[in-house]
Amino acid sequence: MTLNIGIIGCGFIGGVHSRNLASDPRVRLAGVADVALPRAEELARTAGCRAFSSAADLIGAGLDAVYVTTPNTLHTEAVLAALN
């Protein structure tokens with residue numbers, strides 16, 4: 001079984017996690033999201049996945065799990081959206 005994973009937050013740490021996930025055959029990076037769409041598009045290009053401009057759109061893309069890699073002070077909103 002392959003898990004579809006998303007990343008919310010496409011800064012430095014999001015890039016680190018996308019590279020780690022790329023080396024794991026059990027997962028597929030399905031998409032990344034960032035409020036700065038160009039940043040999401042850049043990471044999506046390098047990771048070979050889709051870019052989204054909102055966490056809600058990414059979460060609605062049929063994921064099994066998400067990594068929240070936004071700044072710590074912004075985790076709550078993204079985590080609550082993913083849990084819903």
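Here, the structure is the one placed above.
Residues numbered from 1 in each chain as written. Predicted model: local features only at pLDDT ≥ 70, side-chain atom pairs only at ≥ 80, totals over all residues. Heavy atoms only, no water.

With that out of the way, let us pick up the pairing of strand S1 (residues 3-8). Of the pairings in the sheet, the one linking S1 to strand S2 (residues 27-33) comprises 6 bridges and is parallel in character. Within S2, the residue paired with Ile5 across the bridge is Leu29. Note: S1 against strand S4 (residues 65-68), 4 bridges, orientation parallel. The partner of Ile7 across the bridge, within S4, is Tyr67. (Pairing = 2+ DSSP bridges. Helix = DSSP H or I, 4+ residues; strand = E, 2+ residues; numbered from the N terminus.)

Taking strand neighbours across the sheet as the criterion, the 4 strands line up as S3-S2-S1-S4 in an open arrangement whose pairing is parallel. A strand with exactly one partner marks an edge of an open sheet, and here the two such strands are strand S3 (50-52) and S4. On average, each strand axis in the sheet is inclined to that of its neighbour by 30°, with strand direction left out of account. The sheet contacts of helix H1 (residues 12-22) involve S1, S2 and S4, and relative to S1 the element is tilted by about 165°. (Axes fitted to C-alpha atoms, helices over the stretch in contact; angles between N-to-C directions. Contact = heavy atoms within 4.5 Å.)

Here Val79 shows up in helix H4 (residues 75-83). A C-alpha to C-alpha distance of 9.0 Å links Val79 and Tyr67, two positions 12 residues apart in sequence.

This part covers the pattern of salt bridges. Under the definition given, this model contains 3 salt bridges. The residue Arg26 makes a salt bridge to Asp24 at a minimum N-O spacing of 2.7 Å. Given a relative accessible area of 18%, Asp24 falls into the buried group. With a closest N to O distance of 2.8 Å, Glu42 and Arg45 form a salt bridge. (Salt bridge = Lys/Arg side-chain N within 4 Å of Asp/Glu carboxyl O. Buried < 20%, exposed > 50% of the residue type's maximum accessible area, 1.4 Å probe, protein only.)

A separate point is the side chain of Asp34. Locating Asp34 in the fold gives a position in the loop between S2 and helix H2 (37-47). From its side chain, Asp34 meets the backbone nitrogen of Cys10 in a polar contact 2.8 Å long. Every residue in contact with Asp34, bar those within four places of it in the chain, is listed here: Gly9, Cys10, Gly11, Arg39, Ala40, Phe52 and Ser53. (Polar contact = N/O pair within 3.5 Å; in protein donor to acceptor, adjacent residues only side chain to side chain.)

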